[in-house]
Amino acid sequence: MMMIDLDNTLHKNAQSLKPLNWKALAGGLMGTCLLLGSVSATAQSSDYPEKPVEFIVPWSPGGGSDTLMRIVSNHIESHLGQPMPIINMPGVSGTVGLADLADRNADGYTVGQVHDGFLVSHHTGLTQNNWDDYEPIASVTASPQYVTVNADRDWDTFEDFVDYARENPGEIRFGVTLGGVPHLHAAMIEEAEDIAFRYVGFEGTGERIRALVGGHIDAAMGDIASSNQFVENGDLKFLAVGHTERMKQTPDVPTFQELGYDNLNLSILRGLIAPAGTPPERIEILADALEAMTDDEDFVTSVNNAGAEVQFMGPDEYRSHLEELDGTVERLAENLKQ
């Protein structure tokens, strides 16, 4: 009968086993987890959006922002793959709707519209929120603003207008929405030329331009939609436009850049923002869809017919624009509170 030395056998087998490389094993497991996480994130991004993206427009139906953003809403679905229905939330110069946006889930399924006036509202104490409480997505439209004067005044050029203002400080009655974007633009002109206007406040653009046509004020910031018909009729004159190039509707009107004012970019730039913390990959998907939309000829025509221009900036460029504008508004805030 054969006897087995069990202890000796176990000892030999144990010696033949190589020790586990726990460091290598841990590294392998970590790599696997990272790979699975990457695949999961990619799948999550590729699935987005799986449902409509709500679009808060913080203004009443029928206004300039609402009109232009409805054009965005009507054209975005074919590029995003989901509709972007408008939700109007007017109130307190656009601040009510954007306050609601700040409290929404940062999941990419709610965005909002913003323009330069929101920064003015912040620095004049109307709202605690500012542009950097959100994630910039993209700018999509620009409404270039014109220095517009009554045709009975002897100002045929912007230089004539500035010379008169310098020689007669505080005499030019300049119509603005007090504490709004037109007020900001007029203050930027004052700062650029060290001149002073006498401000007359109006609730909206239409009221302001009607007062200008009637001779109750001398100058105002106007745009194509509100003022061009009066210019063509000979009631008003455009002296300069705050755009990067001359407008095709007004080819004889010079830009401020042509006149030597590199920092007078007087357009109302409308863009989209999302709640803070919205995943960057979802911001990028939204921005890519908006960029594709801005190359759509039907979209461009619709925006032009509404009196505006297409001006796309992606997330980084739009963020830089808002940051620079914020500095300007902060610098002029005390003037805008008067």
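Details of the structure are given in the entry above.
Residues numbered from 1 in each chain as written. Predicted model: local features only at pLDDT ≥ 70, side-chain atom pairs only at ≥ 80, totals over all residues. Heavy atoms only, no water.

## Section: the overall build of the protein chain
Logical step 1: Secondary structure assignment for the protein chain yields 12 helices and 11 strands.
Logical step 2: A buried classification covers 46% of the 338 residues belonging to the protein chain.
Logical step 3: Look at the contacts in the protein chain between residues 6 or more apart in sequence, and 76% of them connect residues 24 or more apart.
Logical step 4: Carbon and sulfur atoms make up 50% of the accessible area of the protein chain, which totals about 16,800 Å². (Helix = DSSP H or I, 4+ residues; strand = E, 2+ residues; numbered from the N terminus. Buried < 20%, exposed > 50% of the residue type's maximum accessible area, 1.4 Å probe, protein only. Contact = heavy atoms within 4.5 Å. Areas by Shrake-Rupley, 256 points an atom, 1.4 Å probe, with all protein chains shown as cover.)

## Here's the deal with the pairing of strand 10 (residues 267–275)
Logical step 1: Of all 9 residues in strand 10, 9 are buried; the element is thus mostly enclosed.
Logical step 2: The pairing of strand 3 (residues 110–114) with strand 10 spans 3 bridges and is classified as antiparallel. Looking at the pairing, Q113 lines up with L272 of strand 10.
Logical step 3: Here strand 4 (residues 134–144) runs beside strand 10; their pairing, made up of 9 bridges, is antiparallel. Directly across from E135, in strand 10, lies its bridge partner A274. (Pairing = 2+ DSSP bridges.)

## A few points about the sheet that holds strand 6 (residues 173–176)
Logical step 1: Across the sheet, 5 strands lie side by side as 7-6-8-5-9; this open sheet has mixed pairing. Of all the strands in the sheet, just strand 7 (198–201) and strand 9 (236–241) have a single pairing partner and so form its edges. Mean inter-strand twist for the sheet, computed between neighbouring axes without regard to direction, equals 35°.
Logical step 2: Here strand 6 runs beside strand 7; their pairing, made up of 4 bridges, is parallel. In the strand pairing of strand 7, G175 is matched with V200.
Logical step 3: On top of the sheet, helix 8 (residues 205–213) reaches strand 5 (146–150), strand 6, strand 8 (219–222) and strand 9; it is set at about 140° to strand 8, its chief contact. (Axes fitted to C-alpha atoms, helices over the stretch in contact; angles between N-to-C directions.)

## Some words on the environment of R282
Logical step 1: Mapped onto the elements of the fold, R282 is located in helix 10 (residues 280–294).
Logical step 2: Along the chain, R282 and P49 lie 233 residues apart, while their C-alpha atoms are 8.3 Å from each other.
Logical step 3: Among the polar contacts listed, one links the side chain of R282 to the backbone oxygen of D107, at a separation of 2.6 Å. (Polar contact = N/O pair within 3.5 Å; in protein donor to acceptor, adjacent residues only side chain to side chain.)

## Topic: the packing of helix 8 against helix 9 (residues 224–232)
Logical step 1: Between helix 8 and helix 9, the shortest axis-to-axis distance is 10 Å and the interhelical angle comes to 20°. The angle between the axes of helix 8 and helix 9 places the two elements in the roughly parallel class. Remark: the crossing between helix 8 and helix 9 carries right-handed chirality. Between helix 8 and helix 9, the contacting residues are T205, I209 and V213 on the first element and S226, S227 and F230 on the second.
Logical step 2: Partitioning the contact of helix 8 with helix 9 into residue classes produces 3 nonpolar, 3 polar and no charged. (Parallel < 35°, antiparallel > 145°, perpendicular 65-115°, else oblique. Left-handed = near helix turned anticlockwise from the far one by under 90°. Nonpolar A, V, L, I, M, F, W, Y, C, P; charged D, E, K, R; others polar.)

## Some thoughts on the packing of aromatic side chains
Logical step 1: If you walk through the whole model with that rule in mind, you get 13 aromatic pairs.
Logical step 2: With centroids separated by 5.6 Å and ring planes inclined at 90°, the aromatic side chains of F158 and Y261 adopt a geometry described as edge-to-face. Here F158 is found in helix 6 (residues 158–167), whereas its partner Y261 is found in the loop between strand 9 and strand 10, with 103 residues between them in sequence. One exposure class covers both F158 and Y261, and it is buried.
Logical step 3: An aromatic cluster of at least three residues, connected via ring pairs, comprises W155, F158, F161, Y164, F174, F197, Y199, F256 and Y261.
Logical step 4: Over the ring of Y164 we find R153, and its NZ or CZ is 5.3 Å from the ring centre. (Phe/Tyr/Trp six-rings, centres within 6.5 Å; stacked < 30°, edge-to-face > 60°. Lys NZ or Arg CZ within 6 Å of the ring centre and 35° of its normal.)

## Structural notes on helix 9
Logical step 1: Where helix 9 is concerned, the buried positions are I224, S226, S227 and N228. Burial along helix 9 is one-sided: seen end-on, the buried residues are contained in an arc of 165°.
Logical step 2: If you check the start of helix 9, you find a side-chain oxygen 3.4 Å away from the backbone N of A225, and it comes from D223.
Logical step 3: G234 occupies a position one or two residues after helix 9 and carries a positive phi of about 90°. (Arc of directions from axis to C-beta.)

## Regarding a negative patch on the surface
Logical step 1: Taken together, E284, D288, E291, D295 and D316 make up a surface patch of like negative charges.
Logical step 2: Per element, the largest residue contribution to the negative patch is 3 residues, and it comes from helix 10.
Logical step 3: Relative to the helices and strands, D288 is located in helix 10. (Patch = residues over 30% accessible without salt bridge, like charges linked within 9 Å, V, L, I, M, F, W, Y side chains within 5 Å. Salt bridge = Lys/Arg side-chain N within 4 Å of Asp/Glu carboxyl O. Lys, Arg positive; Asp, Glu negative; His and termini not counted. Charge placed at Lys NZ, Arg CZ, Asp CG, Glu CD.)

## Details of the nonpolar core
Logical step 1: Ranked by internal contacts, the top residues of the largest apolar core, which has 45 residues, are V147, F158, F161, I189, F197 and F256.
Logical step 2: When residues in this core are grouped by element, the largest group, 6 residues, is from helix 12 (residues 315–336).
Logical step 3: Ignoring any residue separated from it by four or fewer positions in sequence, one finds V147 in contact with F158, F161, I189, A220, M221, K237, F238, L239, A240 and F256.
Logical step 4: Counting 28 residues, the second-largest nonpolar core is a separate cluster that includes I137, A138, L286 and V303. (Core = buried A, V, L, I, M, F, W, Y, C linked by side-chain atoms within 4.5 Å.)

## Comments concerning helix 12
Logical step 1: Maximal helix bending in helix 12 amounts to about 35°, located at E330.
Logical step 2: Those residues of helix 12 lying buried are P315, Y318, L322, L325, D326, T328, V329, L332, A333 and L336. (Bend = angle between axes of the 7 residues up to and from the residue.)

## Here we look at the pairing of strand 8
Logical step 1: Alternating residues of strand 8 divide into A219 and M221 and A220 and G222, and every residue in both groups is buried.
Logical step 2: In the sheet, strand 5 pairs with strand 8 via 4 bridges, with the strands oriented antiparallel. Each bridged residue has a counterpart across the sheet, and for Y146 the counterpart in strand 8 is G222.
Logical step 3: Relative to strand 8, strand 6 runs parallel, the two being bridged by 2 bridges. Paired with F174 across the two strands is A219, which belongs to strand 8.

Purely spatial values, then, with no claim about function.
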